[in-house]
Amino acid sequence: MIRNDGDAPAPGKEVKGTVGQACQICGDTVGVSATGDVFVACNECAFPVCRPCYEYERKDGVKCCPQCKTRYKRLSGSPRVPGDEEEEDVDDLDNEFNYKQGNGKGPEWQGEDIDLSSSSRHEPHHRIPRLTSGQQMSGEIPDASPDRHSIRSPTSSYVDPSVPVPVRIVDPSKDLNSYGLNSVDWKERVESWRVKQDKNMMQVTNKYPDARGGGGDMEGTGSNGEDMQMVDDARLPLSRIVPIPANQLNLYRIVIILRLIILCFFFQYRVSHPVRDAYGLWLVSVICEIWFALSWLLDQFPKWYPINRETYLDRLALRYDREGEPSQLCPIDIFVSTVDPLKEPPLITANTVLSILAVDYPVDKVSCYVSDDGSAMLTFESLSETAEFARKWVPFCKKHNIEPRAPEFYFQQKIDYLKDKIQPSFVKERRAMKREYEEFKIRINALVAKAQKVPEEGWTMADGTAWPGNNPRDHPGMIQVFLGHSGGLDTDGNELPRLVYVSREKRPGFQHHKKAGAMNALIRVSAVLTNGAYLLNVDCDHYFNSSKALREAMCFMMDPALGRKTCYVQFPQRFDGIDLHDRYANRNIVFFDINMKGLDGIQGPMYVGTGCCFNRQALYGYDPVLTEADLEPNIVVKSCCGGRKKKSKSYMDNKNRMMKRTESSAPIFNMEDIEEGIEGYEDERSMLMSQKRLEKRFGQSPIFTASTFMTQGGIPPSTNPASLLKEAIHVISCGYEDKTEWGKEIGWIYGSVTEDILTGFKMHARGWISIYCMPPRPCFKGSAPINLSDRLNQVLRWALGSVEILFSRHCPIWYNYGGRLKLLERVAYINTIVYPLTSLPLIAYCVLPAICLLTNKFIIPTAYETCSVHCDFFSFFSPFVILVLCCLEYIMSELYLYTL
Ligand SMILES: O=c1ccn([C@@H]2O[C@H](COP(=O)(O)OP(=O)(O)O[C@H]3O[C@H](CO)[C@@H](O)[C@H](O)[C@H]3O)[C@@H](O)[C@H]2O)c(=O)[nH]1
Ligand SMILES: [Mn+2]
Ligand SMILES: [Zn+2]
Ligand SMILES: [Zn+2]
């Protein structure tokens, strides 16, 4: 058999059938058909493709000839596939991977008795992105048993691999003493934090020579020209603002002003011309109109200064992640929230987790925390399966550099064998991986099917013990660490990011605050276990569509000038599987492509709950480190770092200032007090005082509190993992947040079902800026509700959340004047909070015409009435003016949309 592993002949070349011809897809010999002739897949152009490739493509792949794009026809002897016109429902999948020819090497599992049909017997995959749901599976699963891959085998516990059950501690207080509530230990921690801080400062201020010289040689810049060049490059900013052409913007602004003027005239006329015989109607209509005008204003002005941004990933790598040196990128903890595995399919969550584990970032600096608010064994088991599958999936992604790294969505993409210069070896590995994934899917679906009916005595784990989370409203905290440092390697022998299952304790009588509560629990667990300097949160249905997402965020967060004052980097929400016309307005184009860009030019986009990378310090309620330049009372242009040069200079002199984390809006605790406390070291009492304050703020966990001082992240290397895990259980207990600032001043803020808006608002009010990051390839993609009732429910929930904020102490109309919230930013927040109220005037305005018809009266003085008295311009033309206004509005918004 002749194999051609080298370059394939140029496409389009006339192909003559010889027996030794190489398949242009996989590189194997094309081989002969049953009749002894050369196998021909495409009768149109005879593009050489072997039978296995042909059959694979016809069933699962592009379905047409790679060269001439003619749809493959069914050849004699080849199996039927769904989609063949002749017969729709023939089960051809038994033969699907029946390798009669070619290399003869079937996939490993070929002999196994696994019924693939249950997962793949639907419409052709490319048409409907569909995940198999549990119901369809039930009864069909042979012994691709979940038990085979039960939680026992893959479990690699952080503490003790022999303990397969999630760690569970009833009384953590007993053990707490062993690692020190005493102040001596405390002082040590703070001291070591300071040393570390100093070191970090040096690294940040003089990164390049420091790293190169291997020691603190602060003066030693490069000795030759090339080095100097590198130093210069490493100091270039990591991102820049791409201005929107002034002529486009100014046109838009002129129209706003014009409309504003017309509006004034309009109201002048409306108010000064009451309709005497229909006073009520007139009054109602004028009130409604004023409200509409107001909400228009609220909506317009925050769009005054939109900006785009661009990141330089290469410079980031040059500065922090050079080859051959240990990476200096900061550690990041990634949070995934789930509640109900029956509503949020575990397969989707698994895809999200896989896309995180395969992300392009140093593995020891990524940890993935999955919060399970439903304490479902299904979530736990499927996570365990996912961890196992990641051992194959992650190396595959990294080796071939594929995108996206969520398998379901990756395999939905069709590849073009000619255009993408695909290596034959890749083709084979891809198919093998696809089979592995199908198998994984079956296992997950089997778990889902099994979970449909709860046994009377509740769930039991593989080792026979009862699942601790059987009652989702009353269960202990559970943590399980998969993968990571001690969790075994992937198939290429590399370490994988740590994956942590967390289900916080739930007890009756305790408020759990939904997602916000879950996120706060994760903040604490992650602070104790890994303490990444930054955290990124996604909903379980939002996968990483770009493996570069973390690096994109770091271009802002690790930028010396921007990083100090940036509380979060928000990515736009993009969705899969929305119908062409976006029937339920899931895409929110105006919001994500215009409003958010506008806010980015003021103080920063709002936090929308998912796809957002936070600075941990901002979540701890600290104020940003601002320089004089930042505090200049310049509303718009300043905030978008027009004066970068000035800032980076003053940044150097500001080393001391950087050390101080100030606090203005929350007077309970002030970092400067702490600093003083340490200065007067001998004074034990003041130490204890500040410790008390910290406890009041962060709760009673010395380990957690100590971690809050590590502004560059990381945990002290000496800490004992077992004690950390105990502490982690302690910080997710129900009572932990009692009498602390959690949810009030720090972490995700409670009090609204749209906790995201509130959380972001709180940070902006403290003077932080946020950044909108929209690289050409969307970094995150989610599944949007695509049925009417779900969508209506969601919109209603958001509206209620806004109203909750409106009537809370955090209402942006009143909150914290004199603070650092920029005026237009406030206006934008007011707009998102009051918009639900517009429904009332809207209803009234819609009812008015009916009343007019019935009563035969009108909300505008009739032409006769006014003309006879005084004939002015607006009385005659007002309907016309409104019409013109509407047209203008429409045209301009369309125009604007396309030009941005
Ligand atoms: O008790 C709960 C309830 C929800 N969630 C999680 O919260 C997320 C969002 O919940 P979902 O019901 O999907 O709300 P959506 O309206 O789809 O979400 C949008 O709106 C929310 C409220 O503004 C934001 O938090 C989300 O990030 C945003 O995607 C999901 O991951 C859930 O798993 C929890 O962890 N615990
Ligand atoms: Mn959702
Ligand atoms: Zn082939
Ligand atoms: Zn062809």
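Residues numbered from 1 in each chain as written. Chains lettered and ligands numbered in written order. Predicted model: local features only at pLDDT ≥ 70, side-chain atom pairs only at ≥ 80, totals over all residues. Heavy atoms only, no water.

Here we come to the overall build of the chain. Assigned secondary structure in the chain consists of 33 helices and 13 strands. For the chain, the residues scored as buried account for 55% of the 900 residues in total. Surface summary for the chain: the accessible area is close to 39800 Å², and the carbon and sulfur share equals 58%. (Helix = DSSP H or I, 4+ residues; strand = E, 2+ residues; numbered from the N terminus. Buried < 20%, exposed > 50% of the residue type's maximum accessible area, 1.4 Å probe, protein only. Areas by Shrake-Rupley, 256 points an atom, 1.4 Å probe, with all protein chains shown as cover.)

As a structural note, the neighbourhood of ligand 1 is formed by 20 residues, with Ser337, Asp373, Lys515, Asp539 and Glu755 the closest of them. A distance of 2.8 Å is found between an oxygen atom of ligand 1 and a side-chain nitrogen or oxygen belonging to Lys515. Across the complex, the protein chains shield 84% of the 680 Å² of accessible surface that ligand 1 would expose by itself. Mapped onto the shell around ligand 1, the elements with two or more residues apiece are strand S3 (332–338), helix H16 (514–529), helix H28 (755–765) and helix H29 (788–806). The element that contributes the greatest number of residues to the shell around ligand 1 is H29, accounting for three residues. Classifying every residue of the shell around ligand 1 by side-chain character gives five nonpolar, seven polar and eight charged. (Near = heavy atom within 4 Å. Polar contact = N/O pair within 3.5 Å; in protein donor to acceptor, adjacent residues only side chain to side chain. Nonpolar A, V, L, I, M, F, W, Y, C, P; charged D, E, K, R; others polar.)

Turning our eyes to something else, we now look at the sheet that holds strand S5 (residues 478–483). Across the sheet, which stays open at both edges, the eight strands sit in the order S5-S6-S4-S3-S7-S11-S9-S12 with mixed pairing between neighbours. Only two strands of the sheet have a single neighbouring strand rather than two, namely S5 and strand S12 (769–772). Put simply, the sheet's adjacent strands are angled 20° from each other on average, direction ignored. Bridge analysis of strand S9 (residues 566–570) against S12 gives four bridges, and the strand direction is parallel. Within S12, the position partnered with Val569 by the bridge is Ile771. Against the sheet, H28 makes contact with S9, strand S11 (612–615) and S12, and its axis sits at roughly 140° relative to S9, the strand it touches most. (Pairing = 2+ DSSP bridges. Axes fitted to C-alpha atoms, helices over the stretch in contact; angles between N-to-C directions. Contact = heavy atoms within 4.5 Å.)

Attention now goes to the packing of H16 against helix H27 (residues 721–731). Taken N-terminus to C-terminus, the directions of H16 and H27 make an angle of 165°; their axes are 9 Å apart at the nearest point. Between H16 and H27, the crossing angle belongs to the class labelled roughly antiparallel. Along this stretch, H16 crosses H27, giving a crossing that reads as right-handed. Residues Arg524, Val525, Val528 and Leu529 of H16 pack against Leu724, Leu725, Glu727, Ala728 and Val731 of H27. Residue classes in the contact of H16 with H27 are distributed as seven nonpolar, no polar and two charged. (Parallel < 35°, antiparallel > 145°, perpendicular 65-115°, else oblique. Left-handed = near helix turned anticlockwise from the far one by under 90°.)

The next subject is H27. For H27, the tally of buried residues reaches eight of 11 residues, placing the bulk of the element in the interior. Burial in H27 covers these residues: Ser723, Leu724, Leu725, Glu727, Ala728, Ile729, His730 and Val731.

On to the UniProt feature "binding site: UDP-alpha-D-glucose" (unreviewed entry) in the chain, then. Feature annotation in UniProt assigns "binding site: UDP-alpha-D-glucose" (unreviewed entry) to the following positions: Ser337, Lys343, Glu344, Asp373 and Lys514. Structurally, the position occupied by Asp373 is in the loop between strand S4 (366–372) and helix H13 (377–400). Not counting residues up to four positions away in its chain, the partners in contact with Asp373 are Thr338, Val339, Arg504, Lys506, Lys514 and Ala518. Position of Lys514 relative to the elements: it lies in helix H16. With sequence-adjacent residues up to four places away left out, Lys514 is seen in contact with Asp373 and Arg504. (UniProt positions renumbered as here; feature names shortened; annotations may be inferred.)

Here the focus is the side chain of Ser707. Following the sequence through the fold, Ser707 ends up in helix H26 (residues 702–707). By relative accessible area, which is 7% here, Ser707 ends up buried. What Ser707 contacts, discounting residues up to four positions off in sequence, is Ala527, Asn531 and Tyr620.

To continue, consider a nonpolar patch on the surface. Taken together, Ile257, Ile261 and Phe265 make up a surface patch of nonpolar side chains, about 260 Å² in accessible area. Here Phe265 shows up in helix H9 (residues 246–272). Look at Phe265 and you get partly exposed, because its relative accessible area is 42%. (Patch = residues over 30% accessible without salt bridge, like charges linked within 9 Å, V, L, I, M, F, W, Y side chains within 5 Å. Salt bridge = Lys/Arg side-chain N within 4 Å of Asp/Glu carboxyl O.)

Quick look at the sheet that holds strand S13 (residues 780–783) now. Strand order across the open sheet formed by three strands is S8-S13-S10, with mixed pairing between neighbours. Edge positions in the sheet fall to strand S8 (542–544) and strand S10 (574–576), since each has one partner strand and no second. Each strand axis lies, on average, 40° off the axis of its neighbour in the sheet, ignoring direction. Here S8 runs beside S13; their pairing, made up of three bridges, is antiparallel. Paired with His542 across the bridge in S13 is Gly782. Across the sheet, helix H12 (residues 346–357) touches S8 and S13, and the angle it forms with S8 is around 25°.

The next point concerns the environment of Asn471. Looking at the element boundaries, Asn471 is found in the loop between helix H15 (424–450) and S5. A residue is classified by how much of its surface remains accessible, and Asn471, at 36% relative accessible area, is partly exposed. Through-space distance from the C-alpha of Asn471 to that of Ser375 is 7.8 Å; in sequence the pair is 96 residues apart.

As a further point, take the UniProt feature "transmembrane region" (unreviewed entry) in the chain. In this numbering, the UniProt entry assigns the feature "transmembrane region" (unreviewed entry) to residues 249–267, 279–298, 833–853 and 873–892. For residues 249–267, helix accounts for 100% and strand for 0%, while the C-alpha atoms at its two ends are 27 Å apart. Between the first and last C-alpha atoms of residues 279–298 the distance is 28 Å; the span itself is 100% helix and 0% strand.

Here we come to the coordination of the zinc ion (ligand 4). The protein atoms that coordinate the zinc ion (ligand 4) are Cys42 (SG), Cys45 (SG), Cys65 (SG) and Cys68 (SG), at distances spanning 2.2 to 2.3 Å. Geometry at the zinc ion (ligand 4) is tetrahedral, judged from its four donor atoms and the angles of 103 to 116° they form at the metal. Each donor residue of the zinc ion (ligand 4) lies on the same chain, and together they follow the pattern C-x2-C-x19-C-x2-C. Judged by relative accessible area, which is 30%, Cys68 ranks as partly exposed. (Donors = N, O, S within 2.8 Å, 3.2 Å for Na, K, Ca; no water. Tetrahedral: all angles 85-135°; square planar, octahedral: opposite > 155°, others 65-115°.)

Moving on to the pattern of salt bridges. Enumeration according to the criterion identifies 34 salt bridges in this entry. Linking Glu381 and Lys450 is a salt bridge whose minimum nitrogen-to-oxygen distance equals 3.3 Å. Here Glu381, found in helix H13, pairs with Lys450, found in helix H15; they are 69 residues apart in sequence, far enough to count as distant. Note that Glu745 and Arg766 form a salt bridge whose closest N and O atoms lie 2.8 Å from each other. On the criterion of sequence distance, the pair formed by Glu745 in the loop between H27 and H28 and Arg766 in the loop between H28 and S12 is long-range, its members being 21 residues apart. The residues Glu745 and Arg766 share a single accessibility class, namely buried.

Quick look at the packing of aromatic side chains now. Throughout the structure, instances matching the rule amount to 37 aromatic pairs. An aromatic cluster of at least three residues, connected via ring pairs, comprises Phe389, Trp393, Phe396, Tyr410, Phe411, Phe426, Tyr437 and Phe440. Here Arg315 stacks its cationic end above the ring of Tyr312, 4.0 Å away from the centre of that ring. A cation over an aromatic ring shows up here: Arg826 above the ring of Tyr817, its NZ or CZ 3.7 Å from the ring centre. (Phe/Tyr/Trp six-rings, centres within 6.5 Å; stacked < 30°, edge-to-face > 60°. Lys NZ or Arg CZ within 6 Å of the ring centre and 35° of its normal.)

Membership of the largest hydrophobic core comes to 92 residues, with the highest contact counts inside it found for Trp393, Leu499, Phe544 and Met554. Per-element tally for this core: the top contributor is H13, with 11 residues. When neighbours within four sequence positions are excluded, Met554 is seen to be in contact with Leu238, Leu316, Ile332, Tyr361, Tyr534, Asp559 and Cys613. With 68 residues, the next largest nonpolar core counts Val481, Phe592, Met606 and Leu824 among its residues. (Core = buried A, V, L, I, M, F, W, Y, C linked by side-chain atoms within 4.5 Å.)

Relative orientation of the contacting elements H12 and H15 amounts to 135°, with a least axis distance of 10 Å. Classed by the angle they form, the pair H12 and H15 counts as oblique. H12 and H15 meet at a crossing whose hand is right-handed. Only Tyr437, Phe440, Lys441, Ile444 and Val448 of H15 make contact with H12, whose side of the interface consists of Pro346, Leu347, Ala350, Asn351 and Leu354. For the contact of H12 with H15, a count of residues per class yields eight nonpolar, one polar and one charged.

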